[in-house]
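One letter stands for each residue in the lines below.
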Amino acid sequence: MRIGIIGAGIGGLVAAAGLQADGHDVTVFERRDAPGAIGAGLTLFANAFAALDAIGLGDTVRAVGADPLGRMRSGQRRPSGRWLVSVPPGSGPAVRSLHRAELHSALLGHLAEGTVRAGCTARAHPGGEPVVTVDGTSARFDLVVAADGVRSAARGAWGLDRGVRYAGYTAWRGVTTSRRHFAVEAGETWGAGARFGIVPLPDDRFYWFAVLTATEGTDFGDEPAVLRQRFGGWHAPIPALLDATPASGLLRHDIYDLAALPPSCVAGRGVLLGDAAHAMTPDLGQGAGQAIEDAATLALLLRGAGPLDAALNEYDRLRRRRARKLWRGSRLAGRLAQASSPVAVAARDVLMRAMPPGAAVRASARVARWQEPQQVFPGESR
Ligand SMILES: Cc1cc2nc3c(=O)[nH]c(=O)nc-3n(C[C@H](O)[C@H](O)[C@H](O)COP(=O)(O)OP(=O)(O)OC[C@H]3O[C@@H](n4cnc5c(N)ncnc54)[C@H](O)[C@@H]3O)c2cc1C
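Quick look at the structure, then. (Residues numbered from 1 in each chain as written. Predicted model: local features only at pLDDT ≥ 70, side-chain atom pairs only at ≥ 80, totals over all residues. Heavy atoms only, no water.)

1. Regarding the packing of helix 2 (residues 46-54) against helix 9 (residues 287-301)
Thought 1: Closest axis-to-axis distance for the helix 2/helix 9 pair is 9 Å, and the angle between their directions is 25°. With respect to helix 9, the element helix 2 is oriented roughly parallel. Crossing of helix 2 against helix 9: the hand is left-handed. For the pair helix 2 and helix 9, contact is made by Asn47, Ala48, Ala51, Leu52 and Ala54 and by Gly289, Gln290, Ile292, Glu293, Ala296 and Leu300, respectively.
Thought 2: Here the residues of the contact of helix 2 with helix 9 are counted per class, giving 7 nonpolar, 3 polar and 1 charged. (Axes fitted to C-alpha atoms, helices over the stretch in contact; angles between N-to-C directions. Helix = DSSP H or I, 4+ residues; strand = E, 2+ residues; numbered from the N terminus. Parallel < 35°, antiparallel > 145°, perpendicular 65-115°, else oblique. Left-handed = near helix turned anticlockwise from the far one by under 90°. Contact = heavy atoms within 4.5 Å. Nonpolar A, V, L, I, M, F, W, Y, C, P; charged D, E, K, R; others polar.)

2. A look at the nonpolar core
Thought 1: Ile5, Val14, Leu44 and Trp158 are the most contacted members of the largest nonpolar core, which totals 66 residues.
Thought 2: When residues no more than four places from it in sequence are discounted, the contact partners of tryptophan 158 are Ala124, His125, Pro126, Gly127, Gly128, Val144, Ala146, Ala267, Gly270, Val271 and Leu272.
Thought 3: Ranked by size, the runner-up nonpolar core spans 39 residues in total, among them Ala171, Val175, Leu201 and Leu250. (Core = buried A, V, L, I, M, F, W, Y, C linked by side-chain atoms within 4.5 Å. Buried < 20%, exposed > 50% of the residue type's maximum accessible area, 1.4 Å probe, protein only.)

3. Describing the sheet that holds strand 8 (residues 116-118)
Within a sheet, each strand pairs with its neighbour through backbone hydrogen bonds, oriented either parallel or antiparallel.
Thought 1: If you trace the 6 strands from one edge of the open sheet to the other, you get 8-2-1-12-19-18, paired in mixed fashion. With partners counted over all chains shown, the strands left at the sheet margins are strand 8 and strand 18 (266-267), one partner each.
Thought 2: In terms of strand pairing, strand 12 (residues 143-146) meets strand 19 (residues 270-272) through 3 bridges, oriented parallel. Counterpart to valine 144 in the pairing with strand 19 is glycine 270. (Pairing = 2+ DSSP bridges.)

4. Overview of the environment of glycine 41
Thought 1: Examined against the element boundaries, glycine 41 turns out to sit in strand 3 (residues 41-45).
Thought 2: Residue classification places glycine 41 among the buried residues on the basis of a relative accessible area of 1%.
Thought 3: Sequence separation between glycine 41 and glycine 174 is 133 residues, and the spatial gap between their C-alpha atoms is 8.1 Å.
Thought 4: Filtering out sequence-adjacent residues up to four positions away, glycine 41 remains in contact with Leu98, Arg100, Val175, Leu201 and Tyr207.

5. Points about the site of the ligand
Thought 1: Neighbouring residues of the ligand: 29 residues in total, closest Gly11, Glu30, Thr43, Arg100 and Asp275.
Thought 2: In this structure, an oxygen atom belonging to the ligand sits 3.1 Å away from a side-chain N or O atom of arginine 32.
Thought 3: Separating an oxygen atom of the ligand from a backbone N or O atom of alanine 288 is a distance of 2.9 Å.
Thought 4: When the free accessible area of the ligand is taken as 1,000 Å², the share hidden by the protein chains comes to 86%.
Thought 5: For the shell around the ligand, the secondary-structure elements that each account for two or more residues are helix 1 (10-21), strand 2 (25-30), strand 3 and helix 9.
Thought 6: No other element matches the 3 residues that helix 9 contributes to the shell around the ligand.
Thought 7: Broken down by class, the residue content of the shell around the ligand amounts to 11 nonpolar, 11 polar and 7 charged. (Near = heavy atom within 4 Å. Polar contact = N/O pair within 3.5 Å; in protein donor to acceptor, adjacent residues only side chain to side chain. Areas by Shrake-Rupley, 256 points an atom, 1.4 Å probe, with all protein chains shown as cover.)

Below, the structure is given as structure tokens:
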């Protein structure tokens, strides 16, 4: 089949690599001039790797990731450093950390030369007509995959948009430049309307994120100063991680998810994938994982014989059911982690301390389970 993909983010690139490996003729349209990654680090759980393995990409992604988190004590702490939930080394969920830029390079390296057309803002056509228009020139495909992110214009063009919602908090991300060994413990630290996360990266640097409850669009002025003021008094190594990150390397994004999930992930011969289909808050660390699951599910279902409609309907059924749980769960986790009133913070902390570490790990493992789709019409690939 001829497949046009709008967007060369993680979802679009994994879909492109999986579909191209199956012999489809794939073109990816990316509006940015260089289809690299904006972002610092990323964690991927076992579900993402199960999906990547199913389409032959698991080892490529494993090669740029590592599991230093698994060798550390992790869990949730208070700003004083007191543990709310503590998971001993080797007992946490299987999770690998990576640099987004390295993940993008590895995925791009999997694609045939010329697959990605950078600097092309693509327009999808109403009703899911499989046509993509760039600068007034249109190309017809058998299928168009919209992997164009949380503010997907294709979702609007196909009549599937229900808007986005500001989650109520903003997140900074940074990566330390020095390879000093800052920490033997990782995880998140929860204060009142403020949170800090520590993730070791494969090359001994550290990825961290800092989240503050804030009005949408707040101008923080001197952002490094705000970070030092809000988090500088928190437990070690948080102040040292902030000091080891140049201001030029800081990223900040207000956090949005979809206000409501689209009534369908499919319109005609158009398919929504990744954040375009189900942008969720990052509180369960599953957004990219779900984009990868989408991509693998689509590639595997298109291997079957039988009508394309049946494969697309099955994609819609499987992916909306799975993503809905995580979209809701992420919101809930965000609300809990960003609790800000003294009463809510006290209640949350009591609840967390009462939870056996094994329960938290089991809950995370349940989330990180991916089910390979069954073919609707098993047989020869289309
Ligand atoms: C602070 C933060 C931390 C996160 N941490 C994690 C984590 O640890 N683990 C995890 O699994 N997820 C995490 N996520 C979520 C994850 O980053 C996203 O879910 C994931 O990157 C979505 O990928 P995507 O390909 O669907 O969309 P995007 O990455 O948004 O890619 C969309 C692409 O489409 C392009 N595009 C848009 N419109 C057009 C157009 N008209 N024409 C051509 N191109 C277009 C854009 O330029 C972009 O390249 C985090 C998110 C945030 C904000």
